[in-house]
Amino acid sequence: MQTERGRIIVQLIPQFVRLSKRGMAGWTVLIGSVIVVAVVGMTLLAPWIAPHNPIAINVGPIMAAPSSEFPLGTNHLGQDMLSRVIWGGSMVLQVALISVAMCVAVGVPIGLLASYAGGNTDKGTSLVMDSIYAFPGLVLAIAIAAMLGRGVLNMSLAIAVVYVPSYYRIVRSQVLTIKELSYVEAARALGAKSRSIILRYVMPNVVPSVVSVATINFADAILTAAGLTFVGLGLSVAVPDWGWDLTYGRQLLPAGAWWVIAFPGLMIVLLALGFTLIGEGLSELWSPRLEQ
Amino acid sequence: MSLRSYVIARVLLTIPMLLLLLTLVFLITRVLPGDPVLLHFEKQAKPEAVEEFRQRLGLDKSLPEQYVDYLTGVLRGDLGKSMQDFSPVAQQIFSAFPATLELAIFGMIIAVVLGIFLGVRSSRSYNTGEDHVIRTFGIATYAIPVFFLGMVLQLVFSIQLHWFPSGGRIYPGSEPLGLNLGGFHLATGLYTVDSLLEGNLSKFVQALRYLFLPSFALGLVLCGIFIRLTRTSMLETLRLDFVTAARARGLKERTVVYTYALRNAFLPILTMMGLQFAALLAGAILTETTFSWPGLGRYLVDRIAFRDYTAIQGAVVFFGLLVALVSLMVDILYAYLDPRIRL
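Residues numbered from 1 in each chain as written. Chains lettered and ligands numbered in written order. Predicted model: local features only at pLDDT ≥ 70, side-chain atom pairs only at ≥ 80, totals over all residues. Heavy atoms only, no water.

(A) Spotlight on the overall build of chain A. The helix and strand tally for chain A stands at 13 helices and 0 strands. Ordering the α and β elements of chain A from the N terminus gives α-α-α-α-α-α-α-α-α-α-α-α-α. Dimensions of chain A, computed from the C-alpha atoms along their principal axes, are close to 75 × 45 × 30 Å. Counting every position in chain A, which comprises 292 residues, the buried fraction comes to 54%. A separation threshold of at least 6 residues defines the contact pool for chain A, and within that pool the share at least 24 residues apart is 72%. Taken as a whole, chain A presents about 12500 Å² of accessible surface, with 66% of it coming from carbon and sulfur. (Helix = DSSP H or I, 4+ residues; strand = E, 2+ residues; numbered from the N terminus. Buried < 20%, exposed > 50% of the residue type's maximum accessible area, 1.4 Å probe, protein only. Contact = heavy atoms within 4.5 Å. Areas by Shrake-Rupley, 256 points an atom, 1.4 Å probe, with all protein chains shown as cover.)

Following this line, the structure appears as structure tokens:
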């Protein structure tokens, strides 16, 4: 089975083509991808499809329930909720994308190098990573975001620090198995340098796990970003954002204005669900253990 | 390895982890760009006032000195002084903690009970419609922000239906007193326990009504992982010979499933409860804000609004220590229950 996995990269593309023929897991990935593509598409097309300016106030009446003119209602500033929902994903998506990129860029190389090197390097790195991993993620992100201040990059960094250990751990566990395999040993015996062994033999094997961790990480980053906004560490109020709409909407709840929280909240759920479905499906497709 | 040497080894391993954790928090709050004192004043104070402020908090010393102060402080249970009113942060945290603990305990109970129940159902109807619905529900719980779910529950069950109060811990003024016997006083800070100690049933019911929505929101968001764990574990166990044997002896299906097979899932569930403790605390922070629950999460969020960086640091350290302690306890309990771990 393990030698099979060496060729898994080549197998990736046909797997995506025939997803609907791969049972429940394939459908899960397919549905998740459709959701994510739809939400990302909506966000990218926002300037053209949003009926109103999302930050213009008094576009309509104050706190109006959904109607034909304002399908998702208006908030306490008379802003059009439909336009805010259409625009509201841009910041969250940027933060999630940047933080996942940071995590992969830091976690994967550290995992590869430290666990390939073994010995004290591995022990030391693992201890640091385990300490971060054990820390309640949101609390750590709150501490970092509070110190760094507002900004897309700062928020992404706060989230990235929390998730680096997840990549480190998955890469490490794979490398520990792979580096004992006979074809890696053979390459070493033939005089291949450590660098080329890591890049050519080890790295391709960890790609599937990294991809499925990254999709789950996307979902987590979206939820953490919304959580940070909710505790008061969000980005500028001037930018339409689902997290902010939820945070402000909380004060409008006693008045029964359900539409102010319902739609932004559902968008967060939908986007996070899309990524979760992809991640769940992929790890099932790629994990032989669950095929039984 | 005997249990005793396992415990010693595990405790010794915790020490460098704690030290790293404390150092990490110190690095974040003192070394990362952004001077907490200047951030607190938002650059709107006279330099002399800022200097005096620094001195009162001990932030005028060199970084290594501050680091030593900080570590020895934590050892003594001192988490520094609040930037807001110079009162000890540790004291504020300890008074807010029981509320969080109560919410966390009930949230965990709901998550585990719901997770086991749905997980068992899902495994018994393997690959049928019911199984797919339960699994999809489990995955969906990962994607719901707990504060959004909390607001939806609030909207439906308290604002629309008036079944439950929308926030707070108890009707103001009716906080339970705990046990008072002559000069002896015992109060846990957990309102459900204290009201029983006081012997006041109406307060107990009231405390439960306030507790229900927030802990249900928290439990619902966390139950997904327990559904999956129970399902996987049951699917493996239900195939084993002893289950077939139990059925062959004519035992009721309910007995076979809940008494025989579920017992095997007990250890993984216990471990998962420990692992989920960090997620539980994170969820509690957000849930408390939604329901105006006066616990640690709310304390942290209030302090963020006041830019009280010493208090934020104290709360973060407390959360970290708590999680480390719980995972240590779970590991030891696990080793006690399952001798294979100690090998």
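(B) The arrangement of the environment of B:F26 in detail. Residue and element names in this part refer to chain B. Position of F26 relative to the elements: it lies in helix α1 (residues 3–31). Look at F26 and you get buried, because its relative accessible area is 5%. Along the sequence, F26 and Y67 sit 41 residues apart, while their C-alpha atoms lie 7.2 Å from each other. Setting aside its immediate chain neighbours within four residues, F26 contacts V31, L63, Q66, Y67 and Y70.

(C) View of the packing of aromatic side chains. Within the structure shown, the criterion is met by 14 aromatic pairs over all chains. Ring centres 5.4 Å apart and planes at 35 degrees place the aromatic pair B:F26 and B:Y70 in the tilted group. With a gap of 44 residues between them, B:F26 in helix α1 and B:Y70 in helix α4 (residues 63–75) connect regions that are remote in the sequence. There is no split in this pair, since B:F26 and B:Y70 are both buried. With 5.7 Å between their ring centres and 40 degrees between their planes, B:F157 and B:W163 make a pair best called tilted. Following the ring pairs from residue to residue traces out a cluster consisting of A:W258, A:W259 and A:F263. The ring of A:Y133 carries the charged tip of A:R169 above its face, separated from the ring centre by 3.9 Å. Here B:R169 stacks its cationic end above the ring of B:Y191, 3.6 Å away from the centre of that ring. (Phe/Tyr/Trp six-rings, centres within 6.5 Å; stacked < 30°, edge-to-face > 60°. Lys NZ or Arg CZ within 6 Å of the ring centre and 35° of its normal.)

(D) Structural detail: the pattern of salt bridges. All names here are of chain B. All told, the structure shown has 13 salt bridges over all chains when counted by the stated rule. Residues R169 and E102 are paired through a salt bridge, measuring 2.6 Å at the closest nitrogen-oxygen approach. Remark: E102 occurs in helix α5 (residues 89–124) and R169 occurs in the loop between α7 (146–160) and β1 (179–181); sequence separation between them is 67 residues. Summarising the burial analysis for this pair, R169 and E102 share the class buried. (Salt bridge = Lys/Arg side-chain N within 4 Å of Asp/Glu carboxyl O.)

(E) Representation of unusual backbone geometry within the structure. The backbone of A:M63 sits at a positive phi, close to 50 degrees, despite the residue not being glycine. Here B:H162, not a glycine, exhibits a phi torsion of approximately 55 degrees, which is positive. Residue placement: B:H162 occurs in the loop between α7 and β1.

(F) Seen up close, the packing of α1(B) against helix α14 (residues 309–337) of chain B. All names here are of chain B. Packing of α1 against α14 brings their axes to within 10 Å, and their N-to-C directions diverge by 165 degrees. Considered as vectors, α1 and α14 are oriented roughly antiparallel to each other. The chirality of how α1 crosses α14 is right-handed. Between α1 and α14, the contacting residues are L3, Y6, V7, R10, V11, T14, L18, L21, L22, V25, T29 and R30 on the first element and Q313, V316, V317, G320, L321, A324, S327, L328, D331, I332, A335 and Y336 on the second. The residue makeup of the contact of α1 with α14, split by class, is 16 nonpolar, 5 polar and 3 charged. (Axes fitted to C-alpha atoms, helices over the stretch in contact; angles between N-to-C directions. Parallel < 35°, antiparallel > 145°, perpendicular 65-115°, else oblique. Left-handed = near helix turned anticlockwise from the far one by under 90°. Nonpolar A, V, L, I, M, F, W, Y, C, P; charged D, E, K, R; others polar.)

(G) Local environment of the interface of chain A and chain B. Facing the 43 residues of chain A at the interface are 47 residues of chain B. Together chain A and chain B conceal approximately 4100 Å² of surface at their shared face, both sides included; 81% is due to carbon and sulfur atoms. Area buried by chain A at its contact with chain B is led by A:F135, A:M147 and A:F230, which between them contribute 17% of it. Inspection of the chain A/chain B interface yields 2 salt bridges. In this structure, B:R135 engages A:E284 in a salt bridge whose closest nitrogen and oxygen atoms are separated by 3.4 Å. Every element with two or more residues in the side of chain A that touches chain B is listed here: α7 (119–134), α8 (137–148), α11 (194–233), α12 (242–252) and α13 (258–286) of chain A. Residues that form the side of chain A that touches chain B fall into these classes: 33 nonpolar, 6 polar and 4 charged. (Buried area = accessible area lost by both parts, 1.4 Å probe.)

(H) How the structure looks around the nonpolar core. Counting 182 residues, the largest nonpolar core has A:I142 and B:I285 as its most contacted members. Element by element, the count of residues in this core is highest for α11(A), at 18 residues. For A:I142, the residues in contact, after removing those within four places along its chain, are A:L228, A:V231, A:L233, B:I285, B:L300 and B:I304. (Core = buried A, V, L, I, M, F, W, Y, C linked by side-chain atoms within 4.5 Å.)

(I) Quick look at the environment of B:Y67. Residues and elements named next belong to chain B. Tracing the backbone through its elements, the reader meets Y67 in helix α4. When the C-alpha positions of Y67 and F184 are compared, they lie 41 Å apart, and in sequence the two are 117 residues distant. Among all residues touching Y67, those that are not within four sequence positions of it are T23 and F26.

(J) How the structure looks around a nonpolar patch on the surface. Residue and element names in this part refer to chain A. Nonpolar side chains collect at one region of the surface, where L44, L45, W48 and I49 lie side by side and expose about 490 Å² of accessible area between them. Mapped onto the fold, I49 is located in helix α4 (residues 46–49). Relative accessible area serves as the criterion here: at 44%, I49 is assigned to the partly exposed category. (Patch = residues over 30% accessible without salt bridge, like charges linked within 9 Å, V, L, I, M, F, W, Y side chains within 5 Å.)

Just distances and angles here, no functional claims.
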